[in-house]
Amino acid sequence: MSDETAITVEETGSKGRYVYRSGGHEAEMTFSKIGTSQIIIDHTDVPDAFRGQGVGVALVSRAVEDARKSGVKIRPLCPFAAAQFRRHPEWHDVLVAR
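Described in the following lines is the structure provided in the data block. (Residues numbered from 1 in each chain as written. Predicted model: local features only at pLDDT ≥ 70, side-chain atom pairs only at ≥ 80, totals over all residues. Heavy atoms only, no water.)

**Quick look at the side chain of threonine 44**
Along the chain, the position of threonine 44 falls in strand E4 (residues 38-45). With a relative accessible area of 16%, threonine 44 lands in the buried category. Among all residues touching threonine 44, those that are not within four sequence positions of it are Glu28, Met29, Leu59, Cys78 and Phe80. (Helix = DSSP H or I, 4+ residues; strand = E, 2+ residues; numbered from the N terminus. Buried < 20%, exposed > 50% of the residue type's maximum accessible area, 1.4 Å probe, protein only. Contact = heavy atoms within 4.5 Å.)

Next comes the structure, spelled out in structure tokens:
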């Protein structure tokens, strides 16, 4: 994936999602807000059309960027997002301490 600016954020109340759209396909990573200081990443869905292009990692990376800017911590309950946090120790500054 070459352009992370193509990722948009949609929020409705205490829920939200990061979305990447291209060629009629849509990848998403959903989250829930816990107050104003934490989000839970609960689901990531990347269609086959985007597999191997780094779209899923880009979605998590964007959430990390946004968390840093807003001072929010992330709890990655989604198995994909949790695996990405294990692979990227440089993101642990926004990871909820367990």
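**Side note on the packing of aromatic side chains**
Taken as a whole, this structure holds three aromatic pairs when the rule is applied. Their ring planes at 70 degrees and their centres at 5.5 Å tell us that phenylalanine 85 and tryptophan 91 sit as a pair that is edge-to-face. Residues phenylalanine 85 and tryptophan 91 agree in their burial class; the two are buried. (Phe/Tyr/Trp six-rings, centres within 6.5 Å; stacked < 30°, edge-to-face > 60°.)

**Quick word on the packing of helix H1 (residues 55-70) against helix H2 (residues 79-87)**
For the pair H1 and H2, interaxial distance at closest approach is 10 Å and the crossing angle is 70 degrees. It follows that H1 is roughly perpendicular to H2 by the angle criterion. Contact residues: Gly56, Val57, Val60 and Val64 in H1; Phe80, Ala81, Gln84 and Phe85 in H2. A class-by-class count of the residues in the contact of H1 with H2 yields six nonpolar, two polar and no charged. (Axes fitted to C-alpha atoms, helices over the stretch in contact; angles between N-to-C directions. Parallel < 35°, antiparallel > 145°, perpendicular 65-115°, else oblique. Nonpolar A, V, L, I, M, F, W, Y, C, P; charged D, E, K, R; others polar.)

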